[in-house]
Amino acid sequence: MNKQTQAWFYLAPTLLFIFLLVLIPLVTGISYAFYDFDLISGTKEFVGFDQFIRLLGEDEIFTMSLVNTLFWTVSSLFFQFMLGFGLALILNSGFKGISIIQPVLFVPWAVPSFLIGLMWVWMFNPVTGPLPYLFEAIGIMDKAENLLSDPDHAMWGPITANVWFGIPFFTIMLLAALRSIPKEIYEAAEMDGVSGLQAFRYITVPLIAPTILITLLIRAIWIANFAEIIIVMTNGGPANSTQIVATYIYDTAYQKMDFGYASVISIALLFLLMIYGFTLGRIRQKMTTYI
Amino acid sequence: MKNVKYPFIIGFLVFTLFPVFWMLKISLTPDRLLFSEGIVAWPSRITFDHYYAVLVEGSFPDYFMNSFIVSFTTAALVTIIAALAGYALSRFQFKGKLAIMTILLVTQMFPIVMVIAPIYNVLTFINLVDSLTGLILVYTAFNLPFACFLMQSFFDGAPVELEEAAMMDGCTRLQALEKITLPLCLPGIGATLGFVFTAAWSELLFALMFINRQSQMTFPAGIMNFVTKFSVDWGQMAAAMILALIPVCIFFSYIQRFIVQGLTAGALKG
């Protein structure tokens, strides 16, 4: 066997799985976008691009959910990253009891996302949780109410849950990056009289910047698609205030049973994410040539 | 400077553990006290009734077993298949490599809800709706792309020279992979197993859509079912949730050091 054939031999099982259970369903799913499904008779009718026109022309919820997706993604990412980076720096510096504390701090990442949703629903609920009373005590709220039923601020509920879940991911990625910086660089710098903060600014940050950027950008795609926490906590409500595109698709397909239109929204989201991913690929290329 | 970090560590610990503590508290609070005592840090009396109800009276032991079978089989299957693919992506230059990498990337981008109905049709076609085998196959397919990338980066980190030397001495490529390279990548394999196991253990949407029979439900689907049916039984729900947390937490705290190690090794080389 030459190398070409060998490579395909090793890849065959993976390709078989992905072809049968991901690509074929994906193509079928895309084709739904051109059909209008009738629930009662169980038939579908070819409608061409009609549903795309509806999406672009008259769907206010879609526009709203796009804005919400941006807010959800950027806010979650910002806090996950800031706190995750801080934690990685602390863990990297080492302290007493780290071997017990580190696994404990990584636990949220192993918790199933729907459980995270349920858990935080209880935390925000005045009947079962302490948070409303905490908010009242520190003066954020006039009286202890459920944050999740306030259309103006409800999104902060799922964001809090998402931050709780996502900190360990950034900590793990950044901790690995921090540990791969050779110790000698810091020793040499210290001999030249470079102090702690300067070393952080001029050695640590530039060396892990590529990891930071790539992790942030890739994670953004993942968060934009991450609907489970929101579905469990608010189901997009109240008044669509926590509706992101991914939850809107779920709602359209499985509450309204409109598979055709759900597919149209999915394609729109996929299209936007692919543009983003393409730009990302270009940035990555530039960075590797630069470093 | 040294002591500045301790308040932060405590802060992180409180933020991480408080919600879990609160669930534990609710799971141990007798139903009567949950409402009469209001919001208190610890109930005046605790009970294990909810755990008893969940473990003995409900179907949770079945869900638990199903989840374990599905997660374990998926993790093993994905790791073996992804090891082969990751090896090919790391060691061979071949036509179509870029195309395959692109396909693997795109599979990570589209919303899962989009393919649920079509996959349901595929499963109906091969007669695997409502079966754990069907669920395992779907989980395998969806966990493969990320696992392939992960395994590829671990193989990139392992030296090619040893493998080539073994092949010079008469090993076939598969033997060299098995005897030399795989043992070197053990932390990476552990990390991949861990990732996939936790992902399969947590998955909800597919499990809800493809499984209808009670006896075949996984833990997440079982709990969601429970939530929709008995939405006011806080205590039992909390007990079920705490029980669901235990296996992943044990497994994950064991595996997390391999993940950091594996990623560090990968980063060093790249």
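Residues numbered from 1 in each chain as written. Chains lettered and ligands numbered in written order. Predicted model: local features only at pLDDT ≥ 70, side-chain atom pairs only at ≥ 80, totals over all residues. Heavy atoms only, no water.

*Asks:* Whenever I open this one, a negative patch on the surface confuses me. Can you help?
*Replies:* Judged by side-chain charge, A:Asp36, A:Asp38, A:Glu45 and A:Asp50 come together as a negatively charged surface patch. Tracing the backbone shows A:Glu45 in strand S2 (residues 43-46). (Patch = residues over 30% accessible without salt bridge, like charges linked within 9 Å, V, L, I, M, F, W, Y side chains within 5 Å. Areas by Shrake-Rupley, 256 points an atom, 1.4 Å probe, with all protein chains shown as cover. Salt bridge = Lys/Arg side-chain N within 4 Å of Asp/Glu carboxyl O. Lys, Arg positive; Asp, Glu negative; His and termini not counted. Charge placed at Lys NZ, Arg CZ, Asp CG, Glu CD. Helix = DSSP H or I, 4+ residues; strand = E, 2+ residues; numbered from the N terminus.)

*Asks:* Looking at this model, I keep getting lost on the interface of chain A and chain B. Mind explaining?
*Replies:* How big an interface is tends to be stated in terms of accessible area lost as the parts join. Taken together, the 82 residues of chain A in the interface contact 85 residues of chain B. Between chain A and chain B lies a buried interface of about 7500 Å² when both sides are counted; carbon and sulfur atoms form 83% of it. When the buried surface of chain A facing chain B is broken down by residue, A:Tyr10, A:Leu21 and A:Trp122 rank first, second and third, together holding 11% of it. Counting every contact that joins chain A to chain B gives zero salt bridges. Those elements giving two or more residues to the side of chain A that touches chain B turn out to be helix H1 (3-31), helix H3 (60-93), helix H4 (98-106), helix H5 (113-124), helix H7 (156-179), helix H10 (228-233), helix H11 (245-254) and helix H12 (259-290) of chain A. With 21 residues, the top contributor of residues to the side of chain A that touches chain B is H1(A). Of the residues assigned to the side of chain A that touches chain B, the class counts are 60 nonpolar, 18 polar and four charged. (Contact = heavy atoms within 4.5 Å. Buried area = accessible area lost by both parts, 1.4 Å probe. Nonpolar A, V, L, I, M, F, W, Y, C, P; charged D, E, K, R; others polar.)

*Asks:* Would you mind showing me how to read empty space enclosed by the protein here?
*Replies:* A probe matching the size of a water molecule, rolled over the atoms, marks out where space remains unfilled. Evaluated as defined, the whole model comprises three cavities of 30 Å³ or more. Within this model, the largest cavity holds a volume of roughly 80 Å³. In terms of lining, the largest cavity is formed by 13 residues, of which the most central are A:Phe259, A:Ala262, A:Ser263, B:Val113 and B:Met114. Put simply, the parts of the chain that give the lining of the largest cavity at least two residues each are H11 and H12 of chain A together with helix H6 (113-125) of chain B. Looking at side-chain class alone, the lining of the largest cavity contains 10 nonpolar, three polar and no charged residues. Roughly 50 Å³ of volume is contained in the second largest cavity. Forming the boundary of the second largest cavity are A:Leu87, A:Leu105, A:Pro108, A:Trp164, A:Ile167, A:Pro168, B:Phe12, B:Phe15 and B:Thr16. (1 Å grid on protein atoms, 1.4 Å probe; cavity = no way out; pocket = protein on both sides within 12 Å on 5 of 7 lines; lining within 4 Å. Points joined across faces, edges and corners; volume = space filled by probe spheres on them.)

*Asks:* Explanation requested: the layout of surface pockets in the structure shown.
*Replies:* Counted as a void, the second largest pocket has a volume near 1200 Å³. As for the second largest pocket, its lining consists of 30 residues, of which A:Leu89, A:Asn92, A:Ser93, A:Gly196 and A:Phe200 are closest to the centre. Of all the elements in the fold, those that place two or more residues in the lining of the second largest pocket are H3, H7, helix H8 (183-191) and helix H9 (196-224) of chain A together with helix H1 (5-28) of chain B. For the lining of the second largest pocket, the element with the highest residue contribution is H3(A), accounting for eight residues. In the lining of the second largest pocket, the residues fall into 18 nonpolar, six polar and six charged.

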